[in-house]
Amino acid sequence: MRTSTKTGRAAALPRNTILSGDCIEVMNGLPEASIDLIFADPPYNLQLRGDLHRPDNSQVDAVDDAWDSFASFAAYDQFTRKWLAAARRLLKPGGAIWVIGSYHNIFRVGAALQDAGFWILNDVVWRKSNPMPNFRGKRLTNAHETMIWASKEEGAKYTFNYEALKSLNDGIQMRSDWVLPLCTGHERLKDENGDKAHPTQKPESLLHRVLVGSSNPGDVVLDPFFGTGTTGAVASMLGRDYIGIEREESYRRVAEKRLAGIRKYDRDSLQVSTSRRAEPRVPFGTLVERGMLRPGEVLTSMNGKSAAKVRADGTLVADGINGSIHKVGAHLEGAPSCNGWTYWCFRRDGKTVPIDVLRQQIRAEMAERPN
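Each residue is numbered by its place in its chain's sequence as written, counting from 1. Residues qualify for local features only when their pLDDT is at least 70, as the model is predicted, and side-chain atom pairs are given and counted only at 80 or more; totals for whole chains, interfaces and linings, by contrast, use all residues. Calculation of side-chain values draws on the structure's entire complement of heavy atoms; hydrogens and water are dropped beforehand.

A. Molecular detail of the pattern of salt bridges. A pairing counts as a salt bridge when a side-chain nitrogen of Lys or Arg comes within 4 Å of a carboxyl oxygen of Asp or Glu. As enumerated under the stated definition, the model contains 13 salt bridges in all. Between R253 and E249 there is a salt bridge whose closest N-O contact spans 3.6 Å. Separated by four residues within a single helix, R253 and E249 lie in helix 7 (residues 249-260), roughly one turn from each other. Segments assigned H or I by DSSP are reported as helices when at least four residues long, segments assigned E as strands when at least two residues long, and all are numbered from the N terminus.

B. Here's a closer look at the sheet that holds strand 12 (residues 316-318). Pairing within the open sheet is antiparallel, and its six strands lie in the order 13-12-11-10-14-15. On the outer flanks of this sheet lie strand 13 (321-323) and strand 15 (351-354), each paired with one strand and no other. Strand-to-strand twist across the sheet, computed as the mean angle between neighbouring axes with direction ignored, equals 35 degrees. A pair of strands counts as paired when DSSP detects no fewer than two bridges linking them. Examined bridge by bridge, strand 11 (residues 307-310) and strand 12 share two bridges and lie antiparallel to one another. Looking at the pairing, V310 lines up with L316 of strand 12. Throughout, an axis means a line fitted to C-alpha atoms (over the contacting stretch in the case of helices), and angles, computed between N-to-C directions, take values from 0 to 180 degrees.

C. Inspection of helix 3 (residues 106-115) at higher detail. Residues of helix 3 that are buried: I106, V109, G110, A112 and L113. Within helix 3, the buried residues cover an arc of 165 degrees as seen down the axis, which keeps them to one side. Exposed side of helix 3, more than 90 degrees from the buried face: F107 and D115 are the residues found there. In this analysis, two residues are considered to be in contact whenever any of their non-hydrogen atoms come within 4.5 Å of each other. The elements touched by buried residues of helix 3 are helix 2 (73-90), strand 4 (91-101), strand 5 (119-128) and strand 6 (144-151). Positive phi appears at G117, one or two residues downstream of helix 3, with a value of about 105 degrees. Categorising residues by exposure relies on relative accessible area from a 1.4 Å probe, with only protein chains included: less than 20% of the type maximum marks a residue as buried, more than 50% marks it as exposed, and the intermediate range marks it as partly exposed. Directions are taken from the helix axis to each C-beta atom, and the arc is the one they span.

D. Structural context of the packing of aromatic side chains. Ring pairs shown here join Phe, Tyr and Trp side chains whose ring centres sit within 6.5 Å, with only the six-membered ring taken for Trp; geometry is labelled stacked below 30 degrees between planes, edge-to-face above 60, and tilted in between. Taken as a whole, this structure holds 13 aromatic pairs when the rule is applied. With 4.9 Å between their ring centres and 90 degrees between their planes, F70 and Y76 make a pair best called edge-to-face. Of the residues examined, F70 reaches a relative accessible area of 23% and is grouped as partly exposed. The class for Y76 is buried, based on a relative accessible area of 1%. Centre to centre, the rings of F70 and F79 are 5.3 Å apart; their planes meet at 40 degrees, and the pair counts as tilted. Among the aromatic residues, those joined into a ring-pair cluster are W98, W149, Y158, F160, Y162 and W178. The ring of F118 is capped by R88, whose NZ or CZ atom sits 5.8 Å from the centre of that ring. Our definition puts a charge over a ring when NZ of Lys or CZ of Arg is within 6 Å of the ring centre and also within 35 degrees of the ring normal.

E. Highlighting the side chain of S102. Mapped onto the elements of the fold, S102 is located in the loop between strand 4 and helix 3. With residues near it in sequence (within four places) discarded, S102 still touches Y44 and L46.

F. Geometry of the pairing of strand 7 (residues 177-180). Going residue by residue along strand 7, you find W178 and L180 tucked away on one face and D177 and V179 left uncovered on the opposite face. Bridge analysis of strand 5 against strand 7 gives four bridges, and the strand direction is parallel. In the strand pairing of strand 7, W126 is matched with W178.

G. Local environment of the environment of H144. Counting through the fold element by element, H144 comes out in strand 6. Separated by 42 residues in the primary sequence, H144 and S102 place their C-alpha atoms 7.6 Å from one another.

H. Spatial organisation of the environment of L46. The residue L46 is located in the loop between strand 3 (35-40) and helix 2 in this model. Put simply, L46 and S69 are 23 residues apart on the chain and 7.6 Å apart in space, counted from C-alpha to C-alpha.

I. Spatial organisation of the packing of helix 5 (residues 204-214) against helix 6 (residues 230-237). Put simply, helix 5 and helix 6 touch, their axes get as near as 9 Å, and they point 55 degrees apart. It follows from the interaxial angle that helix 5 and helix 6 lie oblique. Where helix 5 crosses over helix 6, the two elements pack in a sense that is right-handed. From helix 5, E204, L207, H208 and L211 reach across to helix 6, where they touch T230, T231, A233, V234, A235 and M237. Orientation is classified from the angle alone, with under 35 degrees giving roughly parallel, over 145 giving roughly antiparallel, 65 to 115 giving roughly perpendicular, and any other angle giving oblique. Handedness of a crossing is defined here by the sense of rotation of the near helix relative to the far one, left-handed for an anticlockwise turn of less than a right angle and right-handed for a clockwise turn.

J. The nonpolar core, seen in detail. Within the largest apolar cluster, 33 residues are counted, with the highest numbers of intra-cluster contacts made by W98, M147, W178, L206 and L211. Among the elements that take part in this core, helix 5 stands out by supplying five residues, more than any other. Buried residues of nine kinds, namely Ala, Val, Leu, Ile, Met, Phe, Trp, Tyr and Cys, make up a nonpolar core once their side-chain atoms join them within 4.5 Å. Residues L19, C23, I35 and A86 belong to the second largest nonpolar core, which totals 31 residues.

K. Up close: the confidence of the model for the protein chain. Per-residue confidence from the predictor is reported as pLDDT, a score between 0 and 100. Residue-level pLDDT values for the protein chain average 87, and 88% of them are 70 or greater. In this model residues 49-63 is a low-confidence stretch, pLDDT under 50, and it forms 26 contacts with partners more than four residues away in sequence or in other chains.

L. Molecular detail of helix 6. With eight of eight residues buried, helix 6 is to be regarded as a mostly interior element. Considered for burial, the residues of helix 6 that qualify are T230, T231, G232, A233, V234, A235, S236 and M237. Just past helix 6, the residue G239 takes up positive phi, approximately 80 degrees.

This is the structure we're talking about:
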């Protein structure tokens, strides 16, 4: 990990680097169509008026930094349009963006996303299990933030690891409301004075879910509002490369220290569940070509009621009909369709073995080949 000041147009992508400077200028200096995923936590433009105190009169450490202040909504909108345009230029055709915000800004950002040509895939509500109370008692407790997930344009392909998110959610389809705690305790980074290093540090659990669900190992993840480096830390652990942009030196120092201590998970641990449709296609004929099954060999159905003979071209013949493993299976069962991979078995060493075992063996070999 290194830090550099960005000027001009970059010839190569500065992976695993924190770049200092204005995010728009820095993004405009990076190579076009070079980023797989962007996670953006832009200023919320909170429009705070005066200090905020708890019932015991102690002052709340609220967001009152200069970077979160804009002269008007028009000024904020102009800033949003500029950084979104720079971000869209950087995304690969199959890239995507996540933007997080509160009610102060997320609706304005959402409109700007659509105006810029992005295609919104989901809005995700991060429901905080431990939100800060509303101390003034004049509004509802603000217990959530909203994230917008968008592809580069309508109809574009994008990464969505559906099965991985389903596995994270105990085998149930992941919903668009995520209950996760605020960043507290040992995870909350402190500065040299023992104070919070950043007022809006995001929890690693939030970025873990985003990155597992919408990126793959080896992808490049850009965070144009890097702060104390949560995106970079989680990306590093998960085998992704990161690029962070941060103009505040104090945040960069904290992020550098944090990232220096990150250890990447091993390769096997980074593998996630995939859907059957996402796995490489293996024709049944490949099993015959490779001698895993021989022409003339007899396959039997899983229930033992049907049998068919393998032919040299990877088709089966049985009961006066020939065709694919799926077609012949459907005919024998009198069904409109049949998954031949789970229907047919072969005999080896006195045991009945599903032919899908051979397909998975080939897929495993394909996964081990170098890119």
